[in-house]
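Here is how the chains run, residue by residue.
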Amino acid sequence: MSIIKSGTTSTTAYQVEGNTNGDLVFQTNGTTTAMTIDTSQNVGIGTSSPSQKLEVAGAAKLTGTNLAIVPSTTTSAAYLVNTNAGGNFFLGIDNSTGGSFGAGAYGRILYSGGAYPIAFFTNDAERMRLDASGRLLVGTTTDSKNLRLSEKLAVVHAGSNTYAGMAVTGYSGTASGARPIIDINRSRGSTDGSMTKVENADILGSIIFRGSDGNNFQDSSMITAEIDGATGAGDVPGRLIFLTASDGSETPTERCRITSGGALLVGTTNATPISSGVEGIAVGQSLGLIVANKSGSDALAVGRLTDDGALVKFFQDGTEEGNISVSGSTVSYNSFAGSHWSQLQDN
């Protein structure tokens with residue numbers, strides 16, 4: 001064993017020795033190991049048994065314009081790894097096939113090897129986190145009360161007179177079709193990208209408005225899109241359904257719908273309520289009329305406020321043929337003649 005040392009008669013300033021293991025050891029004060037180079041050419045600072053080409057036990061500081069991590073080959077993964085009892089966390093680039101982390105060829109990666117969140121901070125405060133279940137939480141650290149079912153995104157803003165939400169803005173030039181969009185897509189397939197066609201009455205998506213009842217958020221109102229008929233290639237007829245919860249309820253009930261044929265149905269799902277013997281209102285271009293059917297009370301009511309005038313006007317090919325008006329307590333049938341008038345006379 002060879003030793004090189006320097007100092008005074010009472011103190012050794014430094015010592016360099018080759019130990020019995022073949023390691024080159026640098027010591028300060030003659031006894032404190034500062035750096036070790038082992039027989040595998042691993043360099044350890046603050047440790048006598050380095051396991052990597054460079055291992056630093058304790059805090060380290062690097063200064064300069066950049067820190068470069070270059071793999072042994074240009075197609076290998078390159079990354080920083082942080083390790084403690086919670087597992088490994090990687091920051092880097094995947095290899096040429098995406099085989100190291102599954103991120104795809106040369107994919108950029110943030111990779112947590114443990115069941116712990118990845119948190120993002122600005123100005124000393126957490127702004128967003130990706131939790132261990134893959135849910136993105138913005139403005140909150142918890143999914144409790146903020147997510148339900150299998151939802152993956154929560155946007156939360158707490159405080160008085162604040163607005164939680166998002167804005168979708170497009171500066172899209174002069175093309176009339178270019179605009180911001182929100183896509184809600186559904187396939188009957190069960191794997192990412194699998195295209196299995198939807199069927200009649202399948203729900204494509206819902207927008208649900210929920211309010212706190214003092215204990216939990218409960219459903220209050222809902223807009224739902226469904227398939228409205230047989231489907232096929234290039235053929236996915238749809239309907240929109242509007243639902244509200246009654247007083248004393250937390251379950252929204254359908255109030256009206258717009259069908260694939262353009263009919264507006266209120267209080268019914270039947271486009272022909274009179275012939276079908278059901279209550280409700282149906283309005284539609286394809287129907288050519290407004291249908292109101294009711295039992296137990298008026299089917300149709302029209303009125304004016306403080307002034308007199310027409311209640312209903314009747315047209316033929318764009319020309320008014322008559323009207324029903326009110327003046328005080330008097331109802332008049334105006335401009336009717338011939339067969340029109342005979343239908344309105346008392347029998």
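Bear in mind that the values here come from a model prediction, so they are computed numbers and not experimental data.

Procedures and definitions
- Residues numbered from 1 in each chain as written.
- Predicted model: local features only at pLDDT ≥ 70, side-chain atom pairs only at ≥ 80, totals over all residues.
- Heavy atoms only, no water.
- Helix = DSSP H or I, 4+ residues; strand = E, 2+ residues; numbered from the N terminus.
- Rg over C-alpha atoms; globule rule 2.2 N^0.38 Å.
- Contact = heavy atoms within 4.5 Å.
- Areas by Shrake-Rupley, 256 points an atom, 1.4 Å probe, with all protein chains shown as cover.
- Lys, Arg positive; Asp, Glu negative; His and termini not counted.
- Charge placed at Lys NZ, Arg CZ, Asp CG, Glu CD.
- Salt bridge = Lys/Arg side-chain N within 4 Å of Asp/Glu carboxyl O.
- Buried < 20%, exposed > 50% of the residue type's maximum accessible area, 1.4 Å probe, protein only.
- Pairing = 2+ DSSP bridges.
- 1 Å grid on protein atoms, 1.4 Å probe; cavity = no way out; pocket = protein on both sides within 12 Å on 5 of 7 lines; lining within 4 Å.
- Points joined across faces, edges and corners; volume = space filled by probe spheres on them.
- Axes fitted to C-alpha atoms, helices over the stretch in contact; angles between N-to-C directions.
- Polar contact = N/O pair within 3.5 Å; in protein donor to acceptor, adjacent residues only side chain to side chain.

Below, the discussion takes up the overall build of the protein chain. Along its length, the protein chain carries two helices and 23 strands. Scaling as 2.2 N^0.38, a compact globule of 347 residues should have a C-alpha radius of gyration of about 20 Å, whereas the protein chain reaches 38 Å, well beyond that. Taken along its principal axes, the extent of the C-alpha atoms in the protein chain is 135 × 50 × 40 Å. Within the protein chain, contacts between residues at least 6 apart in sequence are counted, and of these 9% link residues at least 24 apart. A total accessible area of about 24500 Å² is found for the protein chain, and carbon and sulfur atoms account for 52% of it. In the protein chain, 21 positive and 30 negative side-chain charges are present, and the distance between their average locations comes to 7 Å.

In total, this model carries 12 salt bridges according to the counting rule given. Residue Asp219 is joined to Arg148 by a salt bridge in which the shortest nitrogen-to-oxygen separation is 3.8 Å. On the criterion of sequence distance, the pair formed by Asp219 in strand S15 (residues 217-227) and Arg148 in the loop between strand S12 (136-138) and strand S13 (153-155) is long-range, its members being 71 residues apart. What makes Asp219 buried here is its relative accessible area of 19%. Put simply, Glu279 and Lys294 hold a salt bridge, and the shortest N to O gap is 3.7 Å. With Glu279 in the loop between helix H1 (273-276) and strand S19 (280-284) and Lys294 in the loop between strand S20 (289-293) and strand S21 (309-316), this pair connects stretches of sequence that are 15 residues apart.

Consecutive side chains along a regular strand alternate between the two faces of the sheet. Bridging between strand S16 (residues 238-244) and strand S17 (residues 253-258) involves five bridges; their strand directions are antiparallel. Residue pairing for S17: Phe242 is matched across the bridge by Cys256. Of the strand pairs in this sheet, S17 and strand S18 (residues 264-266) are connected by three bridges, and their pairing is antiparallel. Residue pairing in the sheet places Ile258 in a bridge with Leu264 of S18.

This part is about the layout of surface pockets. Empty space left among the atoms is revealed by rolling a probe the size of a water molecule over them. By volume, the largest pocket is sized at about 1200 Å³. What lines the largest pocket is a set of 24 residues, among which Asn146, Glu151, Leu153, Ile208 and Arg210 lie closest to the centre. Contributions of two or more residues to the lining of the largest pocket are made by S13 and strand S14 (203-212). In terms of residues, the lining of the largest pocket owes the most to one element, S14, which gives six residues.

A few words now on the sheet that holds S13. One open sheet accounts for four strands, arranged S10-S11-S12-S13; its pairing is mixed. The sheet is open, and its two edges are formed by strand S10 (118-122) and S13, each paired on a single side. Going from strand to strand, the sheet's axes swing by 20° on average, the running direction of each strand aside. As defined by bridge partners, strand S11 (residues 125-130) adjoins S12 across three bridges and the pair is classed as antiparallel. In the strand pairing of S12, Arg129 is matched with Leu137.

Relative to the helices and strands, Ile258 is located in strand S17. For Ile258 and Thr63, which are 195 residues apart along the polypeptide, the C-alpha to C-alpha distance reads 65 Å. Beyond its immediate sequence surroundings of up to four residues, Ile258 is in contact with Gly238, Arg239, Leu240, Phe242, Ala263 and Leu264.

Structurally, Asp131 is set in the loop between S11 and S12. With relative accessibility at 13%, the residue Asp131 sits in the buried group. A distance of 2.8 Å separates a polar atom in the side chain of Asp131 from a polar atom in the side chain of Arg135.

All right, on to the sheet that holds strand S7 (residues 78-84) then. Strand order in the open sheet made by the three strands is S7-S8-S9, with antiparallel pairing throughout. The sheet is open, and its two edges are formed by S7 and strand S9 (108-112), each paired on a single side. Neighbour to neighbour, the strand axes of the sheet diverge by 10° on average, direction disregarded.

In this sheet, strand S8 (residues 87-93) lies alongside S7 in antiparallel orientation, the contact comprising seven bridges. Note on S8: the bridge partner recorded for Thr83 is Asn88. As judged from the five bridges shared by S8 and S9, these two strands associate in the antiparallel manner. Along S9, the bridge assignment pairs Ile93 with Arg108.

Along the chain, Arg129 falls in strand S11. Judged by its relative accessible area of 17%, Arg129 is buried. Reaching out from Arg129, the side chain makes a polar contact with the side chain of Glu126 at a distance of 2.5 Å. In contact with Arg129, other than residues within four places in its own chain, are Pro117, Ile118, Ala119, Phe120, Arg135, Leu136, Leu137, Thr140 and Thr141.

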